[in-house]
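Here are the chains, one letter per residue:
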Amino acid sequence: MKNISIKITTTNNPSIVKFEANTFLTQHKSYEFNNIDDAKPSPLAQQLFYLPFVKKVYISGNFIAVEKYNIVEWEDVQNEVAEQIENYLNSDGVLIEETATPKKVPVTVYAESTPNPSAMKFVANKKLVTTNYEFSSIDDAKLSPLALELFHFPFVKNVFFDENYVSITKYDMAEWNDITMELREFIRKYIEDGKEVMNTNAQATLQKTTEQLDEAFELLDDTSKEIINILEEYVKPAVASDGGNIHFDSYNKDTKTVKVILQGACSGCPSSTFTLKNGIENMLKEMLNGKVSTVEAING
């Protein structure tokens, strides 16, 4: 029995709802089905078409999107659809037959500079991972086939994945002008070939499933929970746009010290000290009056 959970996500189109899984369902391939005959390569899509309001089914990455006819409102049926999909996937139901032809979606990857001169962010038009991962050596990267491949480039020092991008930190032996195009094309081709970014068991092995993270969160004291919620809401979106992450490590109520782990482009970034002291530390002091005095960073 698998442990796949489904989250309901609305879209800009009120007729379409996405049912997002906590793992990848297809390896960067997309499939679109317009009716029950069209859906023969997908037993799950065929099953969904038996629901009279289903107009179109789209399967890609870690989600199944369903477009409905206007005979019902999503609020009235979406929970039942999510439960049906979740039960099907967890009972080892076949999602896509191997002979199915994926819908061809061109893969694009662009390079984006970060505040860290040693790190570059490579952004794809496809979702790569469902949670963030960081690897600092080839030995550390055994759960990520893509990270393993990247570490074969002698100038790659650190690899960080989040959502739809990979941040690469280089050694000083190479200049970005000389290696950016090579890395960008390598990543693009790797994704286009449908190869695995992370092993299917990586999330559970690294204690990163939704259930494991929720369980760890509930064991924390109230102040630590407040700190994490502040970091999630106010800090992480900003640092993610710069190709990095700030992860809560610990809180000491006696010294009022918060320790955070800098990941991706944030690790070793010259401006990270300024960000910590003048941004995060001041924010936590203000929002958690009297509970925080210092924020210390650990490079991931």
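Scroll up for the structure.
Here we summarise the structure given alongside this text. (Residues numbered from 1 in each chain as written. Predicted model: local features only at pLDDT ≥ 70, side-chain atom pairs only at ≥ 80, totals over all residues. Heavy atoms only, no water.)

### Let's talk about the pattern of salt bridges
Then, in step 1: For the structure shown, the criterion picks out 13 salt bridges.
Then, in step 2: For R188, the salt bridge is made with E192, and the minimal N-O distance between the two is 3.1 Å. Placement of the pair is R188 and E192 together in helix α4 (residues 176–192), with a separation of four residues, close to one helical turn.
Then, in step 3: A relative accessible area of 31% places E192 in the partly exposed class. (Salt bridge = Lys/Arg side-chain N within 4 Å of Asp/Glu carboxyl O. Helix = DSSP H or I, 4+ residues; strand = E, 2+ residues; numbered from the N terminus. Buried < 20%, exposed > 50% of the residue type's maximum accessible area, 1.4 Å probe, protein only.)

### Some thoughts on the environment of N132
Then, in step 1: For N132, the location among the structural elements is in the loop between β7 (119–124) and β8 (133–135).
Then, in step 2: Given a relative accessible area of 14%, N132 falls into the buried group.
Then, in step 3: N132 sits 31 residues away from E163 along the chain, and the two C-alpha atoms are 7.0 Å apart.

### Quick word on the sheet that holds strand β5 (residues 63–68)
Then, in step 1: What the five strands build is an open sheet, ordered β1-β2-β5-β4-β3; its pairing is antiparallel. Single-partner strands in this sheet number two, and they are β1 (6–10) and β3 (30–33). Across the sheet, the axes of successive neighbouring strands diverge by a mean angle of 20 degrees, strand direction being ignored.
Then, in step 2: Sheet topology places strand β4 (residues 54–60) next to β5; six bridges connect them, and they run antiparallel. Across the sheet, the residue bridging to I59 is I64, located in β5.
Then, in step 3: On top of the sheet, helix α2 (residues 74–90) reaches β1, β2 (16–21) and β5; it is set at about 35 degrees to β2, its chief contact. (Pairing = 2+ DSSP bridges. Axes fitted to C-alpha atoms, helices over the stretch in contact; angles between N-to-C directions. Contact = heavy atoms within 4.5 Å.)

### Points about unusual backbone geometry
Then, in step 1: Of note in the backbone geometry, D92 takes a positive phi value of approximately 65 degrees without being a glycine.
Then, in step 2: Structurally, D92 can be placed in the loop between α2 and β6 (109–113).
Then, in step 3: One non-glycine residue with positive phi stands out, namely K256, at about 60 degrees.
Then, in step 4: Along the chain, K256 turns up in the loop between β11 (244–252) and β12 (257–264).
Then, in step 5: The class for K256 is partly exposed, based on a relative accessible area of 34%.

### Notes on the sheet that holds β7
Then, in step 1: Pairing in this open sheet of five strands is antiparallel, and the strands run β6-β7-β10-β9-β8 from one edge to the other. Where the open sheet ends on each side, the last strands, each with one partner, are β6 and β8. Each neighbouring strand pair of the sheet contributes to a mean axis angle of 20 degrees, computed without reference to strand direction.
Then, in step 2: As paired elements, β7 and strand β10 (residues 165–170) share five bridges and run antiparallel to each other. Within β10, the residue paired with K121 across the bridge is S167.
Then, in step 3: In the packing of α4 onto the sheet, contacts are made with β6, β7, β9 (156–162) and β10, and the angle to β7 comes to roughly 30 degrees.

### Overview of a negative patch on the surface
Then, in step 1: Where like charges cluster on the molecular surface, the negative patch consists of E73, E75, D76, E80 and E83.
Then, in step 2: Relative to the elements of secondary structure, E83 occurs in helix α2. (Patch = residues over 30% accessible without salt bridge, like charges linked within 9 Å, V, L, I, M, F, W, Y side chains within 5 Å. Areas by Shrake-Rupley, 256 points an atom, 1.4 Å probe, with all protein chains shown as cover. Lys, Arg positive; Asp, Glu negative; His and termini not counted. Charge placed at Lys NZ, Arg CZ, Asp CG, Glu CD.)

### Quick look at the packing of aromatic side chains
Then, in step 1: Going through the model one piece at a time under the given rule, you end up with eight aromatic pairs.
Then, in step 2: Where F153 meets F186, the ring centres are 5.3 Å apart and the plane angle is 85 degrees; that geometry is what we call edge-to-face. Of the two residues, F153 is situated in the loop between α3 (145–150) and β9 and F186 in helix α4; the sequence distance between them amounts to 33 residues.
Then, in step 3: Among the residues examined, F153 registers a relative accessible area of 12% and is labelled buried.
Then, in step 4: Taking relative accessible area as the criterion, F186 reaches 25% and is therefore assigned partly exposed.
Then, in step 5: Through a chain of ring-to-ring contacts, three or more aromatic side chains come together here, namely F153, F155, F186 and Y190.
Then, in step 6: In this arrangement the basic side chain of K18 is found over the ring face of F63, its NZ or CZ atom lying 4.3 Å from the centre. (Phe/Tyr/Trp six-rings, centres within 6.5 Å; stacked < 30°, edge-to-face > 60°. Lys NZ or Arg CZ within 6 Å of the ring centre and 35° of its normal.)

Coordinates in, geometry out; function isn't part of it.
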